[in-house]
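So you can see what is in the structure, the chains are spelled out below.
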Amino acid sequence: MSRRISGFKPTGPLQLGNYVGAIRPVVRGQHEQPTVAFIADLHALTVQHDPALVQALSREVAGLLLATGIDPGHALLYRQSDVAAHLELHYLLECVTSYGEAHRMIQFKEKGGGGGSRLSLLTYPVLMAADILLHDIEEVPVGNDQRQHVELTRDLAERFNERYGPTFTVPRAVHPAVAARIADLAEPGRKMGKTNASTAGVLFLLDPPDVLRRKVMRAVTDTGTEVVYEPQQRPGVANLLDILGALTDRDPRAVAGDFQGMGYGRLKTAVADAVIATLEPIQGRYRALTDEDIETVLADGAERAAEHADRTVRRARIALGLTGGRRAPAGSPATPVTAGRPR
Ligand code: AMP
Ligand code: TRP
């Protein structure tokens, strides 16, 4: 039983790719494997951000994680900024990270990493390492773009353990068995993403059903009329088959077989039906959640997360030659708990 962690950055409204690629695997695995799911709000500060939006999206992401089936009785769900140990371990790990190592990270370069970038964009992989190491995680399910960051996490954990004595569990990256990668409906050559410039081809989890249907019916397909699964030659149709396959747990090639002799219109109708059938109940559960419900879960999650995380930081502090740190008086919560309105 390996401990797993998933982080969700509140940088945009969640879309179907997030659901299929990241949320659903966590929901399905939470009963078999100890699971940590957190809102990575500190990570949203590494690029230009709007404070009110980060706050609203953090609440939305938390609510959607609950509505899609994250069970706080099994998984640990909390907001990163509520657990100060993330920040403390971030700094301690910076002391075992070299500048060159951070500078080599591909995402730093891709996101514009130049003289004008925030320093936190350079050090963000170290914060991610802290997120993972705090919880003694063994497996980090991530897409290819995050692989390098998990490798850095391993390097830092091993280096720390070697220099200062056994302190951290060394994690490894794992990749989803079925690598469902959903493409933008309007531009099948690119990934469906929550920050894509145009939203015409992005199915947001909270889009009303008529909007979802319209976006699917307007999806760019390819020339030809036969429904066949050929991702290279016919990426638009293949993407529709991937979506339908993912939502019905079937192989997209088998799904294509159902549409023999039928046109693209029938396929689109079936995709729209499946998307709406999946998202409508999630939207219903989301709407039924109050701010208070969400804050209660997050506050409880933060308290439980801090218990584990504070123990890890204490180990790291002592290994580094610092004191064990201040201990909260017995019985007092590890983090301030403010139930009610979003903070
Ligand atoms: P992001 O929204 O890019 O920060 O990604 C958050 C998580 O959702 C990551 O685990 C991604 O791999 C996953 N994800 C995002 N977009 C897609 C997509 N279009 N298809 C599959 N997985 C995705
Ligand atoms: N960096 C991840 C992303 O951009 C989000 C993230 C932050 C994360 N900390 C994490 C993912 C820890 C897994 C584990 O998607």
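Residues numbered from 1 in each chain as written. Chains lettered and ligands numbered in written order. Predicted model: local features only at pLDDT ≥ 70, side-chain atom pairs only at ≥ 80, totals over all residues. Heavy atoms only, no water.

1. Focus on the site of ligand 1
- Lining the immediate environment of ligand 1, one finds 11 residues, of which Gly17, Asn18, Ile182, Met192 and Lys194 sit closest.
- Here a nitrogen atom of ligand 1 and a backbone polar atom of isoleucine 182 are 2.8 Å apart.
- Separating a nitrogen atom of ligand 1 from a backbone N or O atom of methionine 192 is a distance of 2.9 Å.
- Compared with its free state, where it exposes 480 Å², ligand 1 has 78% of that area covered by protein. (Near = heavy atom within 4 Å. Polar contact = N/O pair within 3.5 Å; in protein donor to acceptor, adjacent residues only side chain to side chain. Areas by Shrake-Rupley, 256 points an atom, 1.4 Å probe, with all protein chains shown as cover.)

2. Points about unusual backbone geometry
- For aspartate 136, which is not glycine, the phi torsion reads 50° and is therefore positive.
- Relative to the helices and strands, aspartate 136 is located in the loop between helix H6 (119–134) and strand S4 (139–141).
- What makes aspartate 136 buried here is its relative accessible area of 15%.
- Despite not being glycine, aspartate 249 has its phi angle at roughly 55°, a positive value.
- Relative to the helices and strands, aspartate 249 is located in the loop between helix H9 (235–248) and helix H10 (252–257). (Helix = DSSP H or I, 4+ residues; strand = E, 2+ residues; numbered from the N terminus. Buried < 20%, exposed > 50% of the residue type's maximum accessible area, 1.4 Å probe, protein only.)

3. Quick look at the environment of alanine 246
- Of note, alanine 246 is situated in helix H9.
- Given the relative accessible area of 9%, alanine 246 is considered buried.
- Separated by 225 residues in the primary sequence, alanine 246 and glycine 21 place their C-alpha atoms 9.4 Å from one another.
- With residues near it in sequence (within four places) discarded, alanine 246 still touches Val20 and Arg24. (Contact = heavy atoms within 4.5 Å.)

4. Observations regarding the domain arrangement of the protein
- Looking at the assigned domains, one finds that the protein contains domain 1 (4–179 + 290–320) and domain 2 (209–288).
- Spacing between the C-alpha centres of domain 1 and domain 2 amounts to 32 Å.
- Counting residues at the interface gives 13 residues for domain 1 and 11 residues for domain 2.
- The junction of domain 1 with domain 2 conceals about 930 Å² of combined surface from both sides, 62% of it contributed by carbon and sulfur atoms.
- Where domain 1 meets domain 2, there are 1 salt bridge.
- Among the ionic pairs, arginine 28 bridges to aspartate 249, the shortest N-O distance being 2.9 Å.
- Remark: the boundary between domain 1 and domain 2 carries 4 residue pairs in polar contact (both at pLDDT 80 or more).
- Of all elements in the fold, only helix H1 (16–29) and helix H2 (51–67) reach the threshold of two or more residues within the side of domain 1 that touches domain 2. (Domains from an automatic or database assignment. Buried area = accessible area lost by both parts, 1.4 Å probe. Salt bridge = Lys/Arg side-chain N within 4 Å of Asp/Glu carboxyl O.)

5. Overview of the nonpolar core
- By size, the foremost hydrophobic cluster in this structure holds 55 residues, and its most contacted members are Leu16, Leu77, Leu267 and Val275.
- If you list the elements that add at least two residues to this core, you get H1, strand S2 (35–39), H2, helix H8 (209–217), H9, H10, helix H11 (264–288) and helix H12 (291–320).
- Split by domain, the residues of this core number at least three in each of domain 1 (4–179 + 290–320) and domain 2 (209–288).
- Among residues more than four places away in sequence, those in contact with leucine 77 are Ala37, Ile39, Ala62, Leu65, Leu66, Ile70, Val297, Leu298 and Gly301.
- Grouped together as the second largest cluster of nonpolar side chains are 39 residues, Phe38, Val126, Ile132 and Ala306 included. (Core = buried A, V, L, I, M, F, W, Y, C linked by side-chain atoms within 4.5 Å.)

6. Points about the side chain of threonine 153
- On the secondary structure map, threonine 153 appears in helix H7 (residues 147–164).
- For threonine 153, a relative accessible area of 0% gives the class buried.
- With residues near it in sequence (within four places) discarded, threonine 153 still touches Ala129, Ile132, Leu133 and Pro171.

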